[in-house]
Structure formats: structure tokens, C-alpha cells
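Residue-level structure breakdown
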Amino acid sequence: MAQTKFDKQVEETAESVAFGIGRFLAGRPMDGGRKTDATFWRSGTRVLPKVEGRVSRSSYRAGWKRLTFRVSTLAVIGAGGYQAGYVHQDATVATAQEIWANPDPALAALEQTGIAAASTAAVGTAAYLALTRKRRELMREWVLPLHEALALPLRLPEQTDPRRYLHIPRNFSEDDTVIRVDVPGRLDFSKDLVADIIATKLALEGVTFSWHLAGRETYVTVKKTRKPPAKTAFKDPKVREIVAAAKESAPVIGIGSAGRIIAVDLDAESPHILVNAAPGGGKSVTLRCIACQMLHHGSLVFVLDTKRISHPWASGLPGVTYCRDIADIHDQLVALGMEGRRRTRVADELGIDADPKAIGPRLLILLEEVNATMKQLARYWEKIRESGDPKVSPALDALNEILYMGRQLRMHVLLVAQSATARALGGPEVREQFSTRILARYSVNAWRMLAPEVHPAPKSTKHHGRAQVVSGGYARETQILFFTEAEAREWATTGKKAAAADGPAPVQLHKPPADPLSDTRPAGTGELPPAPEPSANEDRPADAHNLAPAPAATPAPPPATPAPVDDDQAVGLREAAEHHLPDITLAALRFARANDPGFPASVDKRGAELLYRVGDLKKWARNRPRAATGTTDLD
């Protein structure tokens, strides 16, 4: 008897139900098609060949996990239905009838429940995004680019989820982490090519690859072997020997992988160094490491520190000028700019074959927290600037001059910034003067801004003292050399003196005097001070300046009698600083006029310039309040 159409449908339905129950209990996909290599006991790692369309996450789960989820869901639904439809049947029916008769209370409760659910969902989504930010950044910056590079050599289907075969921890740049990559068991790929891609895309240095290709699970593990030391302390005798053997122009920055010494030659490689790090990244430790070595070899160090307490170890050391207030930092930069122009003239006179040491001692300028310092210098100049003065602070102009001409003049800037943007430094061309950059605890944006030539960016680490030294298009992972404050002072004071007795006498640079307002040099004039002429019987070294025989001594003319000064005379601040108040700078007078309420009132006006009585200015100078200067720490 032939089967009818209805009988065939019944048979097919029964067969589908039987297969569905079997798939349900076996933990297999309900559509019957396998899309990954997952089994009942093992999770999948890759998509099977010739699979088309999107592959869901559940396809990678092991069969027992799917079965557990299905049974648990059925148990919850069944228990709820049993309680509502059998145990509490009367209450369920009564509640349904009440809602049907009067739906308003139910709708109000449903509305409140919906609002609460929406609020909970919003808060939960925000919390989820905050908690998974690091993981999403890892996927976006590292895992997905590596997957795109490995898909072709490993012949992986494009639907493959990279999280299933790339096991990369968030702290994969740390010393003791292990990276695992599951590879196809068919082994039809080049191991060298895969290793090169992994090392390149993850910016790994000094790693080894261990291949596990036997059996069913085939994978490769990546570990660091040639890593920098966990800590590099100056008290270690071997480290002390390395520092003692370093060149005068190449202070040791730290130790890299495989024990390599990381140093930067300020004469041959990079005259200026930029240090960029987030708070706690070791900026002050890095500067202390370099500065104390420079002092050991006889350099002069100028610490420009608006934070005031960044380098207490250097305060009071011979050869160190420590400027804490913005007025002192302004004047010091102007003085250093004048010294740079003086050295330019000296280098021009000495010629191309002259000894660089004949120009003068090496100068190191430590500019702390440039983001805040630049803003304060601009605001300070706005306060003291008068009509006819340039709009840009002469201190900023002097800094730019030093950056552009520092190598030949033995003047070096060690600049510190939390975010070394072009705007903070004065333009992208200024930032390009720092061919060596030390980055620690950096963000992805900071790396792209400061070291775009090194791609991909090495993963930042929170290891104390660990940084990347970028120079010449390469990044070298380095453990920064650590000096304690006592060790830094001891090393700075036990080497060569700042001014050697057998060398040319350096120009006397500006140094904050005991009286914070006493400085006879006018600020911001842009002119070089006249060089003092040596006396006829003074011993002078034989150099390019004095190879000619000294002229015969001539008697000095008698000092001129100063003309009497009328205290009622009205003068401008520049004239007062130059002729009537020799112990106070023009910058200090302008600062006091803007901040000291007791400053004398003007009595007249000459064009745009305000005039003051000489007697009033002298009286104010004798009785001026110390706090009004803003420089009480130097008293």
C-alpha cells in the first residue's frame, strides 16, 4: 500500500523530532551542521573549511557546555510553569482575572518596572564598557591586527574568531607572561614566517618560540628570554663600573635586553632628550640619572623646576643653579640664550678645527613639567610686558634658540612632559629637535605623536623603572639606572670640577643672588652683556683670542664723579632699573607693579609709558615687602 502525503509528513516530522532530541541531548547545534572543530568535551578554535555565513560564539563551545545551558534553561522554565500552573493555580487564575477586569494598576506597575529595567540596563552597560575597556583596546590594537596578518599564512577561514586561537594576555609585554597561538594541525605553513609575523605585529623583542606540533593540539608559545633586568641599581658594583667607564658626552640611561648598555651620545647622536611619562612613570629618576653623571664630568646643570621639589638632591650642589619661581626661570632662560649667542660668536672665531671644549663647559638644562612651565612663562610675560616689547616671551625665544643650536655649543636640554604636544613645546618643528625620546607608561596616542616611525608601538608596561628609549627609528626596552638621592649627590660631587683650572675660564652665568630682586642685567633686552676685559698683568691661557702679544699696561682713568640725582625726577621703569635702582631688575619692577599693592602710583605718562618719581621708587625699594616678589625661597 503506497504511503500517502500525510503519512510522509508524519514520518518526516517524527524523524526531525527524534534527531532534534538527539542533538539537544548530545549538545550539538540544533540546525545539525558543524561550523567549528568543537567536540563534546573540547571547545573549538577554528572554523571548518567551506563554511559560509556568520559563525556565532555558541558554535565554538564544547558540547557539554551547550547541554548544561539547555538543561538549566528547561529546568527553570519547567519549575516556573509548575509553580504557576499547578501549585498556585487558583492564585494565578485570580490574578489574571483581576488584571483583565482592572488593567490600570498592572500597566502602572509595568511602566515603573520598565523604567527601572532601562535604568539598570544603562548603568550595567556603562559599567561593562568601563570594565572591559582594556580588553577591547587589546582586541582593537593587537589581537585583530595579528589575526589579519596570520589568516593568510595559516589559511584560516575569514569567519574565524581571533579570540579562539590567539591567547594574548592584557599584560603580554611583561617579563613573565606567555603568549599562545593555536595553529592548524595540517602543518602546511612556514614556521619562520609565522614567528616573524607574531614578533612584528606584537612589537616583541628578545623572545623565543616553542612549537608543540605532535598530537591533536598544535600550538606555539612565545616567551621573553632576553629581557632587561628587573632593577638596575647604581649600588651594584658591576653597574657602578659601567657608569664609571662611560664617555663624558654619553651618560648611561639604563640596561636593555641581553645586558646591552643603553646610552645616548649628546655630541654624536642627540643633543637634546625628551622624557614623556604619565605620573609615576619615573621622570625625575631618569633626569637624576643623567644629571648626576653630567655633573660628575664637570658640566654645569640648570634645574628649572616650577614644582620646586622635583630634585632636592641637586639643591646646593656645586655647578647647579636651581630656579623654582617663574621669574627666576624666565631670567635664567634669557641669560642662557645670551650665553648661547656668545658661544656662537666664539665658535665662529675659533674656526672649524677648534677644540669644542674651548667654547666653554658643557651646559645641561633640566626643564621640568614643560606643559605647566610654558603656560606660566607666557602669563608672566603678559604681566610684565610693556608697550614696545615683543609679544612672545624672550625666555621662550631663548629656549628655541638653544634647541636649534645646542649641539655645536655644548648646550643640552633635558625636557620633561606628561603630554609633549606640539602646542606645549611651541610647534612641531621644536619637537623634532629631540631625536632621542624616553617614553614610560605611555598611551597609544602619546606613542603615535612622539614615535610614529616605530610601528607597531610596544605595549606599555607598569614595571617600575621600565621605559622605551627611541632613537634612530628604533625602540629599545630599557631598565632605567636608579640612583638614590644620596648616591646622586655623592657621584655628582666626586668627579671633575665644573671649571677646570687648565681650561678657558667660562663666562659667569646668571645665578640667583641672596636678594631675589638684585640683578643688574635688564630682562628681555635681547642684547649681549659686554665681555669683561682682562687686566694687562693677568695670566691668560693661549687660545684663539689671545695669541697676539699683550699690549703695554695703561693706567686706568680716575672714576667719574656721578651726577647728582633729583628724587623728584619722573622716569620710566626701564630707566629706573638701569640708572637709579641698580639692585633691581626691570622684570622685577614690572612684576611688583602688577602684584604689589604698595607699588608707587604713576605721576605722568610719556606716550604709552608710565612715569614714576625716583624718590618714590627708592622708598618702595627700601621698604618693599618680601612676599610681593614671589621669590622668598631664595632669600
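Computed from a prediction, not measured in an experiment: that's the story for all the values here.

1. Let's talk about the overall build of the protein
From N to C terminus, the protein includes 19 helices and 18 strands. Summarising the internal contacts of the protein: among those between residues at least 6 apart in sequence, 65% fall at separations of at least 24. Of the roughly 34700 Å² of accessible surface on the protein, 57% is carried by carbon and sulfur atoms.

2. Digging into the pairing of strand E2 (residues 178-182)
Where strand E1 (residues 166-167) and E2 come together, two bridges link them in antiparallel fashion. Along E2, the bridge assignment pairs Leu-166 with Val-181. Where E2 meets strand E4 (residues 219-224), five bridges bridge the pair, whose relative direction is antiparallel. Counted as the bridge partner of Ile-179 is Val-222 from E4.

3. Some words on the pattern of salt bridges
Inspection of every chain in the model, using the stated rule, returns 27 salt bridges. As a salt-bridge pair, Arg-164 and Asp-161 come within 3.6 Å of each other at their nearest N and O atoms. Taking the shortest distance from any N to any O, the salt bridge between Glu-386 and Arg-593 comes out at 3.1 Å. Taken as a pair, Glu-386 in the loop between helix H11 (370-384) and helix H12 (394-409) and Arg-593 in helix H18 (residues 586-595) lie far apart in primary sequence, 207 residues in all. The network of salt bridges with shared partners includes Asp-175, Lys-224, Arg-466 and Glu-477.

4. Brief notes about a nonpolar patch on the surface
On the surface, Val-17, Ile-21 and Leu-25 cluster together into a nonpolar patch covering about 280 Å² of accessible area. Relative to the elements of secondary structure, Val-17 occurs in helix H1 (residues 5-26).

5. Thoughts on the packing of H11 against H18
Packing of H11 against H18 brings their axes to within 8 Å, and their N-to-C directions diverge by 85°. The orientation of H11 with respect to H18, classified from their angle, is roughly perpendicular. In this structure, H11 contributes Tyr-380, Trp-381, Lys-383 and Ile-384 to the contact, and H18 contributes Ala-587, Arg-590, Phe-591, Ala-594 and Asn-595. Residues that form the contact of H11 with H18 fall into these classes: six nonpolar, one polar and two charged.

6. What to know about the sheet that holds E4
Strands belonging to one sheet form pairs held by backbone hydrogen bonds; the direction of such a pair is parallel or antiparallel. Overall, antiparallel pairing links the four strands, which are arranged E1-E2-E4-E3 in an open sheet. Each edge of the open sheet carries a strand with a single partner, namely E1 and strand E3 (207-212). Lying on the sheet, helix H7 (residues 191-201) is in contact with E2, E3 and E4; it crosses E3 at an angle near 135°.

7. Notes on the side chain of Lys-224
Following the sequence through the fold, Lys-224 ends up in strand E4. A polar side-chain atom of Lys-224 sits 2.8 Å from the main-chain carbonyl oxygen of Ser-173. One polar contact links Lys-224 to Glu-477, side chain to side chain, over a distance of 3.1 Å. Not counting residues within four places of it along the chain, the set of residues in contact with Lys-224 comprises Ser-173, Glu-174, Asp-175, Glu-205, Gly-206, Val-207 and Glu-477.

8. Details of the packing of aromatic side chains
If you walk through the whole model with that rule in mind, you get seven aromatic pairs. The interplanar angle of 35° and the centroid separation of 6.2 Å between the aromatic rings of Phe-189 and Trp-211 together place this pair among those described as tilted. Of the two residues, Phe-189 sits in the loop between E2 and H7 while Trp-211 sits in strand E3, which places them 22 residues apart along the sequence. Ring centres of Phe-599 and Tyr-612 lie 5.6 Å apart, and the angle between their planes is 80°; this geometry places the pair in the edge-to-face category.

9. A few points about the environment of Tyr-219
Note on placement: Tyr-219 falls in strand E4. Distance from Tyr-219 to Asp-182, taken between C-alpha atoms, is 4.1 Å for residues 37 residues apart in sequence. Discounting residues that sit within four places of it in the chain, Tyr-219 has contacts with Arg-180, Val-181, Asp-182, Val-183, Ser-210, Trp-211 and His-212.

10. Points about empty space enclosed by the protein
Tallied over the full model, the rule gives six cavities of 30 Å³ or more. The computed volume of the second largest cavity comes to approximately 50 Å³. In this structure, the second largest cavity is lined by Leu-439, Ala-440, Arg-441, Tyr-442, Lys-459, Ser-460, Thr-461, Arg-466, Ala-467, Gln-468 and Glu-477. Residue assignment for the lining of the second largest cavity shows that the elements contributing at least two residues are strand E13 (436-440) and strand E14 (466-471).

11. Brief notes about the confidence of the model for the protein
Low-pLDDT portions of the prediction should not be read for the details of their coordinates. Per-residue confidence for the protein gives a mean pLDDT of 79; residues scoring 70 or more make up 86%. The least confident element of the protein, judged by mean pLDDT, is helix H13 (residues 422-425) at 72; the most confident is strand E9 (residues 300-304) at 94. In this model, residues 559-563 is a region of pLDDT below 50 whose contacts with residues beyond four sequence positions or in other chains number zero contacts. Contacts for the low-pLDDT stretch residues 626-635, under 50 throughout, to residues beyond four places or in other chains number 26 contacts.

Thresholds, definitions, all that
- Residues numbered from 1 in each chain as written.
- Predicted model: local features only at pLDDT ≥ 70, side-chain atom pairs only at ≥ 80, totals over all residues.
- Heavy atoms only, no water.
- Helix = DSSP H or I, 4+ residues; strand = E, 2+ residues; numbered from the N terminus.
- Contact = heavy atoms within 4.5 Å.
- Areas by Shrake-Rupley, 256 points an atom, 1.4 Å probe, with all protein chains shown as cover.
- Pairing = 2+ DSSP bridges.
- Salt bridge = Lys/Arg side-chain N within 4 Å of Asp/Glu carboxyl O.
- Patch = residues over 30% accessible without salt bridge, like charges linked within 9 Å, V, L, I, M, F, W, Y side chains within 5 Å.
- Axes fitted to C-alpha atoms, helices over the stretch in contact; angles between N-to-C directions.
- Parallel < 35°, antiparallel > 145°, perpendicular 65-115°, else oblique.
- Nonpolar A, V, L, I, M, F, W, Y, C, P; charged D, E, K, R; others polar.
- Polar contact = N/O pair within 3.5 Å; in protein donor to acceptor, adjacent residues only side chain to side chain.
- Phe/Tyr/Trp six-rings, centres within 6.5 Å; stacked < 30°, edge-to-face > 60°.
- 1 Å grid on protein atoms, 1.4 Å probe; cavity = no way out; pocket = protein on both sides within 12 Å on 5 of 7 lines; lining within 4 Å.
- Points joined across faces, edges and corners; volume = space filled by probe spheres on them.
- pLDDT = per-residue confidence, 0-100.

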